[in-house]
Amino acid sequence: MLLQLRRLRPLRTGVQQARPTSSCLFPDPSTTGSGSGLVLQSQSTDVFQNLALEDWIDAHVDLQRRAVLLLWRNRPAVVVGRHQNPWTECNLPAMRRAGVPLARRRSGGGTVYHDLGNLNLTFFASRKAYDRQRNLRVVTDALRRVRPELDVRATDRFDILLNGHYKISGTASRLSRKSSYHHCTLLHSADRAALSSLLRPSCPGIQSNATPSVPSPVANLTDHAPSLLWEELLEALAQQYNSEFGFEAAPRPVDPSDEALFPGVGSMEAALRSWEWTFGKTPKFRLDTRLELRDEQLGARCGAGLHVEVKNGLVESCRVDVPHHWLPPRLSGALGEVLLGERFCPHRAAAALTALLRCESGQPHRRLQNLGEVLLAGMG
């Protein structure tokens with residue numbers, strides 16, 4: 001998300017300045033005269049650090065008494081919603097080749113592509129004050145302030161459309177017993193080619209109750225307002241947030257990895273980076289697909305069926321239906337057995353396949369290897 005953030009410069013005095021603490025960043029609103037709002041700008045472009053900062057604010061700030069607007073951006077990353085299936089939402093092989101990480105956020109909603117041309121805004125408030133339309137009005141009014149010619153409107157689905165057609169902002173939220181946060185994207189100058197190539201399924205044939213994304217035509221603000229600068233956009237958003245909610249909060253840069261400001265945020269970040277959260281939290285699903293096999297040495301071809309059930313990201317059952325004339329049943333059965341309990345991912349499956357291949361030679365080895373390679377490709 002695209003913030004050109006200014007670092008706070010320490011005062012140059014003869015006495016070393018003490019590092020700010022979380023109590024300094026989030027003082028008791030009753031002791032301050034600046035209202036109960038706070039505008040923070042993340043200095044990090046790491047998706048996991050920024051998502052962890054969201055979690056920290058939601059867990060540690062008294063949102064009954066203080067509202068917070070967090071502005072942040074990330075280096076290229078794909079972020080899926082809490083209840084989504086990454087194998088059906090994004091092109092995992094292409095992401096691995098490009099070094100683009102996958103993250104799962106704690107809110108619902110659909111999958112989004114982030115890069116430095118995409119601004120993220122998170123509105124934190126009490127559950128009672130939760131109002132997504134009002135938050136989106138901050139964005140649309142800010143855009144109209146800086147570029148009155150732009151036709152931007154929030155929809156009933158809590159998206160923001162440009163010219164009534166192009167999506168420039170999507171929305172997701174999380175509600176707790178007393179607190180809430182609502183975050184949205186804002187496409188300023190994102191790489192739409194990367195967005196299109198990475199947000200497509202890895203594995204055909206998956207059946208799941210996971211929340212699907214709803215594809216929409218998208219556009220960047222700079223496609224229609226080329227002179228719109230980041231600094232101009234950020235200033236307008238902060239001003240409009242203060243105007244809408246009656247605050248007087250100056251934007252404040254923060255480092256989301258700073259344990260002095262955000263004690264325990266590192267462990268939150270580690271949890272978000274884990275395979276168990278990113279993939280293991282995928283709702284249970286089933287994969288039924290057709291595999292095309294070939295024996296290059298003989299120029300022969302054959303079809304096979306793959307049937308896999310996955311729970312918590314682990315293979316719960318696996319059956320590979322291969323014609324007996326192509327591969328002995330003991331080998332196709334053994335392949336299904338070695339995958340049981342393994343992570344549904346090419347890396348782990350490849351290790352299991354390698355161990356099985358050591359026991360074979362000749363044509364069975366060659367055909368089992370081909371079956372394994374096709375199966376791995378089917379896993380995304």
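For clarity, every value in this text was computed on a predicted model and none was experimentally measured.

Analysis parameters
- Residues numbered from 1 in each chain as written.
- Predicted model: local features only at pLDDT ≥ 70, side-chain atom pairs only at ≥ 80, totals over all residues.
- Heavy atoms only, no water.
- Helix = DSSP H or I, 4+ residues; strand = E, 2+ residues; numbered from the N terminus.
- Buried < 20%, exposed > 50% of the residue type's maximum accessible area, 1.4 Å probe, protein only.
- Areas by Shrake-Rupley, 256 points an atom, 1.4 Å probe, with all protein chains shown as cover.
- Lys, Arg positive; Asp, Glu negative; His and termini not counted.
- Charge placed at Lys NZ, Arg CZ, Asp CG, Glu CD.
- Core = buried A, V, L, I, M, F, W, Y, C linked by side-chain atoms within 4.5 Å.
- Contact = heavy atoms within 4.5 Å.
- pLDDT = per-residue confidence, 0-100.
- Pairing = 2+ DSSP bridges.
- Axes fitted to C-alpha atoms, helices over the stretch in contact; angles between N-to-C directions.

Draft legend 1. The overall build of the chain, seen in detail. A count of helices and strands for the chain gives 13 helices and 16 strands. Structurally, the chain occupies a C-alpha span of about 80 × 50 × 40 Å along its principal axes. Within the chain, the fraction of its 380 residues that count as buried is 50%. For the chain, the accessible surface area stands at approximately 17,700 Å², while carbon and sulfur atoms represent 49% of it. Taking the 47 positively charged and 37 negatively charged side chains of the chain as two groups, their mean positions are separated by 2 Å.

Draft legend 2. Broad picture of the nonpolar core. Phe344, Leu368 and Leu371 are the most contacted members of the largest nonpolar core, which has 47 residues in total. With near-sequence residues (within four places) excluded, Leu371 lies in contact with Leu291, Leu293, Val320, Val322, Leu327 and Leu335. If you look at the next biggest cluster of nonpolar residues, it comprises 33 residues, including Ala67, Ile160, Leu162 and Phe247.

Draft legend 3. Structural detail: the confidence of the model for the chain. Chain-level statistics for the chain give a pLDDT mean of 91 and a share of 92% at 70 or above. Contacts of residues 1-18 to residues separated by more than four positions or lying in other chains number 37 contacts, the stretch itself having pLDDT below 50.

Draft legend 4. Focus on the pairing of strand 16 (residues 314-321). Sheet analysis places strand 15 (residues 300-311) next to strand 16, joined by 7 bridges and oriented antiparallel. Bridge assignment links Gly305 to a residue of strand 16, and that residue is Asp321. Hairpin connection from strand 15 to strand 16: 2 residues lie between these consecutive antiparallel strands, with Asn312 at a positive phi of about 55 degrees.

Draft legend 5. The arrangement of the sheet that holds strand 13 (residues 252-254) in detail. If you trace the 6 strands from one edge of the open sheet to the other, you get 10-11-6-2-1-13, paired in mixed fashion. For this open sheet the edge positions go to strand 10 (171-175) and strand 13, each flanked by a neighbour on one side alone. Pairs of neighbouring strands in the sheet enclose a mean axial angle of 20 degrees, with direction left out of account. Of the strand pairs in this sheet, strand 2 (residues 67-72) and strand 6 (residues 118-126) are connected by 5 bridges, and their pairing is antiparallel. In the sheet register, Leu70 faces strand 6, and the bridge partner there is Thr122. Where helix 8 (residues 230-245) meets the sheet, it contacts strand 1 (37-42), strand 2, strand 6 and strand 11 (179-187), and its direction lies at approximately 15 degrees from that of strand 6.

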